[in-house]
Amino acid sequence: MTAPTLTVHGAGRTVTGSCFQLSHGGADVLVDCGLFQGTRTVEALNREPFAFDAKAIGAVLLTHAHLDHSGLLPRLVAEGFRGPIWCTRATRDLLHIMLPDAARIQEQEAERRNRRADRADEPPIEPLYTLADAERAIDQARDIELETQFEPAPGFHARLWNAGHILGSASVELVAGGSRMLFSGDLGPEQKAFHLDPQGPHGVDHLFCESTYGDRERGAATLEQRRTVLEKEVKAALARGGNLVIPVFALERTQELLLDLARLINSGRLPHAQVFIDSPLASRATEIFRRHQRELEDLGDGEIFRHPSFHFTETVEQSMRLNAMSGAIILSASGMCEAGRIRHHLRYNLPRSDSTILFVGFQAQGTLGRTLVDGAGRVRMSGRDVAVRAQIRRIDSYSAHADRSELIAWVEARKPVRGSLFLTHGEEQALEALKRGLESGLPSILIPEIGERYELPAGAPAKRLATGRVEIRDALSRDWQNDYADMVVNLKRELQQIRSNRQRAEALARMRDVIDQYADHRKKHHRAADEGARESRSPYVSGP
Ligand SMILES: [Zn+2]
């Protein structure tokens, strides 16, 4: 029997853009088709042509609704993919809100960039995909129960397993050509509200394990310990007298916070504060949680859906009215403060010394959320300088991801692994740290790169058939635009901290010197390289 082959199209030595192509006996399936998210260089990968023919893909197996796993499905459909997108029912329900939201953001982003004056002479940018593409992708979604066998394409057998990460999340088991493969998707931690611990089969030929927090030990914070930390933060914020603004991810983190706030209020540990959920996407995601409450743990009597303290705002007018308030708890998206109604609440509350901004999620480099967490005294929002006088606070113990020990335990529970373990969905440091923890009892551990192709035989390690794309490796490893943005933000703050104008001018002059010196150095280097090139054309001089 011939072995299936794997081609890595995303989440290779990086976290986002999850997409793996499996080919066997003339049929092709994808596990995930996700957006690249992060720096501008990484996001530019979303606009590259697919490395496969979208029309030739028989089916997609989707692990969960997060956009870094599902967000390129509308583009796949726009380019001619007509097969089913297999996922759990909850994931399918979530796609109904996530993909149209992503399409709207793509359309707005293209419109915004085309309006910019400095682009007046350039051809207009097309959105990555449209609302119509997103709706067609949703029409192609098919739901399947966990742990139920199905045949996504001729010669492929599949099963989904609970991954414990977010509502509907699954790992994907695939069997083709006698070889059993398991793709983790994103894995949840052990102490996670709503979901059971991740599950999966024992004994596979090839195992694919995410590594997002492969270098991080969170320590076992129980639900109760986390609630105690939240209680302390909320009490301190309310005592300051202003508003408590919490930037949240609309899906999952919002519902976890609502659960914790409801429990704290019901047990009398917090006063009956007014909690406003001011994000249409978060309200709709909460509605989908309600629809799936039978599959969820820790819900009690479902008070998060109808607690007297909770108010789901819908209209912009309702949202605006919150500006005039004090003592309100406002949950709003996006979680990293890059878009959405949260920006409006930040504009009103950042300058208020009695208000508090509480971060409860990961803040990527280069985002407004990260700038605030890093202690900026002033931020630029929609062309205006906004002073930061509010208290900036942070809770680290909320996570939808397994940490290093939990990832290792998940791999242990899948043994024996007869072929290779592939570590995916991670930055360099996380991948290496996880690899060090896994050396024993595995025939082969691989860290695949985007563009690589492997044969995945039953009972033997994977064989690499094609190497990765070097230019993508470079794009993932350094990003000068991101470093530049960080430097500019910090530079302004640092210059403001210098006492006199004269000293500030001197600091700038010294920076100018460094740039000039670097230019001189480059010139000399080029001259030397030119001379070297001339010499190497001589038949008597060998290259370096
Ligand atoms: Zn995820």
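It should be noted that the structure appears before, not after, this text.
Quick caveat: nothing in here was measured; it's all calculated off a predicted structure. (Residues numbered from 1 in each chain as written. Predicted model: local features only at pLDDT ≥ 70, side-chain atom pairs only at ≥ 80, totals over all residues. Heavy atoms only, no water.)

1. Here we look at the sheet that holds strand E8 (residues 156–162)
Step number 1: Here 7 strands make up an open sheet; going across it, the order is E7-E8-E9-E10-E11-E20-E21 and the pairing mixed. Looking along the sheet, the strands with just one partner apiece sit at the ends: strand E7 (150–153) and strand E21 (444–446). Neighbour-to-neighbour, the strand axes of the sheet open up by a mean angle of 25°, direction not taken into account.
Step number 2: Pairing between strand E20 (residues 417–424) and E21: 3 bridges, direction parallel. Looking at E21, one finds that Leu421 is bridged to Ile445.
Step number 3: Along the sheet face, helix H12 (residues 404–414) touches strand E9 (170–176), strand E10 (179–183), strand E11 (204–210) and E20 and points at about 170° away from the line of E11.
Step number 4: Along the sheet, helix H13 (residues 428–436) contacts E11, E20 and E21; its crossing angle with E20, the most-contacted strand, is approximately 150°. (Pairing = 2+ DSSP bridges. Helix = DSSP H or I, 4+ residues; strand = E, 2+ residues; numbered from the N terminus. Axes fitted to C-alpha atoms, helices over the stretch in contact; angles between N-to-C directions. Contact = heavy atoms within 4.5 Å.)

2. Remarks on the layout of surface pockets
Step number 1: As a volume, the second largest pocket reaches approximately 420 Å³.
Step number 2: As for the second largest pocket, its lining consists of 18 residues, and the residues nearest its centre are Thr88, Ala90, Leu146, Gly168 and Glu295.
Step number 3: For the lining of the second largest pocket, the per-class residue count stands at 8 nonpolar, 6 polar and 4 charged. (1 Å grid on protein atoms, 1.4 Å probe; cavity = no way out; pocket = protein on both sides within 12 Å on 5 of 7 lines; lining within 4 Å. Points joined across faces, edges and corners; volume = space filled by probe spheres on them. Nonpolar A, V, L, I, M, F, W, Y, C, P; charged D, E, K, R; others polar.)

3. Focus: empty space enclosed by the protein
Step number 1: This structure, assessed with the given rule, holds 1 cavity of 30 Å³ or more.
Step number 2: Counted as a void, the largest cavity has a volume near 50 Å³.
Step number 3: Along the wall of the largest cavity there are 13 residues; nearest its centre are Phe20, Phe183, Ser184, Gly185 and His425.
Step number 4: Among the elements that take part in the lining of the largest cavity, E11 stands out by supplying 3 residues, more than any other.
Step number 5: Taken together, the residues that form the lining of the largest cavity break down as 5 nonpolar, 6 polar and 2 charged.

4. Some thoughts on the sheet that holds strand E4 (residues 59–61)
Step number 1: Taken together, 8 strands build an open sheet; the order of strands is E6-E5-E4-E3-E2-E1-E22-E23 and the sheet is mixed. Across the chains shown, the open sheet's two edge strands, defined by having one partner strand only, are strand E6 (141–143) and strand E23 (463–466). On average, each strand axis in the sheet is inclined to that of its neighbour by 30°, with strand direction left out of account.
Step number 2: Pairing of strand E2 (residues 19–24) with strand E3 (residues 27–31) involves 5 bridges; the strand directions are antiparallel. Residue pairing across strands places His24 opposite Ala27, the latter belonging to E3.
Step number 3: Where helix H4 (residues 89–115) meets the sheet, it contacts strand E5 (85–87) and E6, and its direction lies at approximately 150° from that of E6.

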